[in-house]
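Chain and residue survey
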Amino acid sequence: AQKITQTQPGMFVQEKEAVTLDCTYDTSDPSYGLFWYKQPSSGEMIFLIYQGSYDQQNATEGRYSLNFQKARKSANLVISASQLGDSAMYFCAMKGTGANNLFFGTGTRLTVIP
Amino acid sequence: KAGVTQTPRYLIKTRGQQVTLSCSPISGHRSVSWYQQTPGQGLQFLFEYFSETQRNKGNFPGRFSGRQFSNSRSEMNVSTLELGDSALYLCASSGGTGKRTNEKLFFGSGTQLSVL
């Protein structure tokens, strides 16, 4: 069974500062993918970044980077230079092979303070 | 390219009724999956369709069903609505076959269902 754990229900960050959102996972699959999605109040889930279980380097997408520590089964999202528009719910999710279904964590609500 | 479109955006129903939600995937995408989001249970996978066939199903009662048409559009139906079915229902499409872990899912804005 696959499980995603996000232990931070809410986080605050000052505008222009960096913030790390935690995610740990558990799976018995040797091959898996880890995703981060952003959900603003409008409801739509917006893809941010992806990390494959066999990727040697940490993924980066603009201001987003993923701190992937396979031995610890963690995939933390780092947002640099936070902006007011970053205020939203952030979800960590995992996908295996053979199916297009994601297992989601409970999410972290990020609030950026001006 | 148009994104994933879900209709309607909001729905209000009463207990015992049934409801049908619609999802139009990104053009060319053959995989459509559905998720239920509630404050208590979070985001839960309902089912996935690929080329008109249901490939995977989450742990939901048989009152929840779906189908996919030849143009990849999908509908989700909930019969005999219960108060606990009140949720945001999200649809996602993917251009891949599901065999690779890096296949991104693109989500719609969801349908907010309220059961009174």
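Refer to the structure presented above.
These remarks concern the structure in this document. Everything numeric in this text was worked out from a predicted model, so none of it was measured.

On to the overall build of chain B. Looking only at helices and strands, chain B features zero helices and eleven strands. When the helices and strands of chain B are read in sequence order from the N terminus, they spell out β-β-β-β-β-β-β-β-β-β-β. Overall, the C-alpha framework of chain B stretches about 40 × 25 × 25 Å when taken along its three principal axes. Contacts spanning at least 24 positions in sequence make up 55% of the contacts within chain B whose residues lie at least 6 apart.

Moving on, we get to the nonpolar core. If you look at the biggest cluster of nonpolar residues, it comprises 25 residues, and the most contacted ones within it are A:Leu34, A:Trp36, A:Ile49, A:Leu77, A:Tyr90 and A:Leu110. Residue contacts for A:Leu110: discarding those within four places in its chain leaves A:Met11, A:Val13, A:Val19, A:Ile79, A:Asp86, A:Ser87, A:Ala88 and A:Tyr90. Residues B:Val4, B:Val19, B:Leu21 and B:Leu81 belong to the second largest nonpolar core, which totals 21 residues.

In this assembly, 26 residues from chain B lie in contact with 22 residues from chain A. Interface of chain B and chain A: buried area, both sides summed, is about 1800 Å²; carbon and sulfur atoms make up 55% of it. Sorting the residues of chain B by area buried against chain A places B:Leu43, B:Thr101 and B:Phe107 first, and these three jointly supply 34% of that buried surface. For the pair chain B and chain A, the number of links is zero salt bridges. Counting only elements with at least two residues in the side of chain B that touches chain A, the list comes to strand 4 (31–38), strand 5 (42–50), strand 6 (53–57) and strand 9 (87–94) of chain B. Of all the elements, strand 4 of chain B adds the most residues to the side of chain B that touches chain A, at four residues. Along the lines of polarity and charge, the residues of the side of chain B that touches chain A split into seven nonpolar, twelve polar and seven charged.

Reading guide: rules and limits
- Residues numbered from 1 in each chain as written.
- Chains lettered and ligands numbered in written order.
- Predicted model: local features only at pLDDT ≥ 70, side-chain atom pairs only at ≥ 80, totals over all residues.
- Heavy atoms only, no water.
- Helix = DSSP H or I, 4+ residues; strand = E, 2+ residues; numbered from the N terminus.
- Contact = heavy atoms within 4.5 Å.
- Core = buried A, V, L, I, M, F, W, Y, C linked by side-chain atoms within 4.5 Å.
- Buried < 20%, exposed > 50% of the residue type's maximum accessible area, 1.4 Å probe, protein only.
- Buried area = accessible area lost by both parts, 1.4 Å probe.
- Salt bridge = Lys/Arg side-chain N within 4 Å of Asp/Glu carboxyl O.
- Nonpolar A, V, L, I, M, F, W, Y, C, P; charged D, E, K, R; others polar.

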